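If you want the building blocks of each chain, they are given just below.
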Amino acid sequence: MDDIREQWLLSISTPFYITIIGLELVLTHLMNRKTYKFKDTIANVYLMLLNGAIDLAFRVIVYFYILQFFYAHSIFNWKNALIYWIALFLAEDFMYYWLHRFDHEIRFFWAAHVTHHSSEKMNFTVGFRSSVFQPLYRFVYFIPIAWAGFKPIDIALVYSATQIWGIFVHTELIKKMGWLEYFMVTPSHHRVHHGSNPKYLDKNMGMFLIIWDKLFGTFQKELSENEYEPIHYGLTKNLEHPNAISIIFHEWKAIGKDVFQKNITAKERWRYLFGPPGWSHDGSRFTSEQLREKENKK
């Protein structure tokens, strides 16, 4: 039954991905918009395959041992199927928000997640530009869900289903989605998330629901060109020579250089590893909040 569920989801999602990417390619070409770049798209596929390989290799340990252990010792026994699935969806989307937020706010995890933000383009294939090493620790955020009485295979299914929406929001073609903007993550919200403009940094962390961002202070709407500058995608300092190795390991290399430099304290070394990205002991670099403060003072 579990294999049938995954095969069914795969059979639906694959044609969906092919269709929306094909339509975007045609429409952006007709509109003469340089949304795609061949080398960038190849990098997206490469990162997706690496992430998928690690996820697949680690899946047996995660779902059939770790999460199964907590499910076997769960504290709730769900009776109503409808409430079970609604509660599972909300719990998983909530935990994903915190996974994603800590990926942005703690440099050690940002080093894994930065690959997803390294593209200077915004199109559907950027959704496949995965955080390669995230499967090695993502399961930690699913442990409370399993402990709350949700089956590991159902956790995997809901995560995979919401990932489909997560691909869909990576586009410039869809501007606003009306009343859905109030509670769902939309392409407009997610364009903000990928912006390297100071106002947009570390905003809109949700996967499916934007309500978590509104509740916890990380929401930022997409502003018009009359209100703010156009969105610049990518990193605050983009890679000069991106390649198969540097895209994945450049931030790890930078962390090593910072942590092992001379004449800094143990506390400063710790902050270079687990503090916010951009933190520096000498003020030579800036965090997202510091960049926003500097912009607001102009």
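First, a word on what this report is: a plain description of the structure on this page. (Residues numbered from 1 in each chain as written. Predicted model: local features only at pLDDT ≥ 70, side-chain atom pairs only at ≥ 80, totals over all residues. Heavy atoms only, no water.)

### Some words on the environment of threonine 162
- Note on placement: threonine 162 falls in helix 6 (residues 152-168).
- In this structure the C-alpha to C-alpha distance between threonine 162 and leucine 209, which are 47 residues apart in sequence, comes to 10.0 Å.
- Residue contacts for threonine 162: discarding those within four places in its chain leaves Phe89 and Met207. (Helix = DSSP H or I, 4+ residues; strand = E, 2+ residues; numbered from the N terminus. Contact = heavy atoms within 4.5 Å.)

### Details of the packing of aromatic side chains
- In this structure the tally under the stated criterion is 29 aromatic pairs.
- Measuring from ring centre to ring centre gives 5.3 Å for phenylalanine 69 and phenylalanine 70, while their planes differ by 90°; the resulting arrangement is edge-to-face.
- Residue classification places phenylalanine 70 among the partly exposed positions, given a relative accessible area of 26%.
- An aromatic cluster is built from Phe94, Tyr97, Trp98, Phe102, Tyr141, Trp212 and Phe216, whose rings are joined through pairwise contacts.
- Here lysine 199 stacks its cationic end above the ring of tyrosine 228, 5.5 Å away from the centre of that ring.
- Residue placement shows lysine 214 over the ring face of phenylalanine 219; its charged tip is 5.0 Å from the ring centre. (Phe/Tyr/Trp six-rings, centres within 6.5 Å; stacked < 30°, edge-to-face > 60°. Buried < 20%, exposed > 50% of the residue type's maximum accessible area, 1.4 Å probe, protein only. Lys NZ or Arg CZ within 6 Å of the ring centre and 35° of its normal.)

### Topic: the environment of arginine 138
- Mapped onto the fold, arginine 138 is located in the loop between helix 4 (107-113) and helix 5 (143-147).
- Here arginine 138 falls in the buried class, since its relative accessible area comes to 7%.
- Along the chain, arginine 138 and phenylalanine 260 lie 122 residues apart, while their C-alpha atoms are 28 Å from each other.
- Beyond its immediate stretch of four places on either side in the chain, arginine 138 contacts Asp55, Leu99 and Tyr159.
- A distance of 3.2 Å separates the side chain of arginine 138 from the side chain of tyrosine 159, its partner in a polar contact. (Polar contact = N/O pair within 3.5 Å; in protein donor to acceptor, adjacent residues only side chain to side chain.)

### Details of the pattern of salt bridges
- Tallied over the entire structure, the rule returns nine salt bridges.
- For the salt bridge of arginine 101 with glutamate 105, the shortest nitrogen-to-oxygen distance reads 2.9 Å. Here arginine 101 pairs with glutamate 105, and both are found in helix 3 (residues 81-105), just four residues apart, close to one helical turn.
- Glutamate 105 sits in the partly exposed class, given a relative accessible area of 29%.
- Where glutamate 289 meets arginine 292, a salt bridge forms, and the shortest distance between an N and an O atom there is 2.8 Å. Placement of both glutamate 289 and arginine 292 in helix 11 (residues 288-297) is noted, with a separation of three residues, approximately one turn of the helix.
- Assessed through its relative accessible area of 11%, arginine 292 is described here as buried.
- One connected set of salt bridges, linked through shared partners, spans Arg107, Glu251, Asp258 and Arg285. (Salt bridge = Lys/Arg side-chain N within 4 Å of Asp/Glu carboxyl O.)

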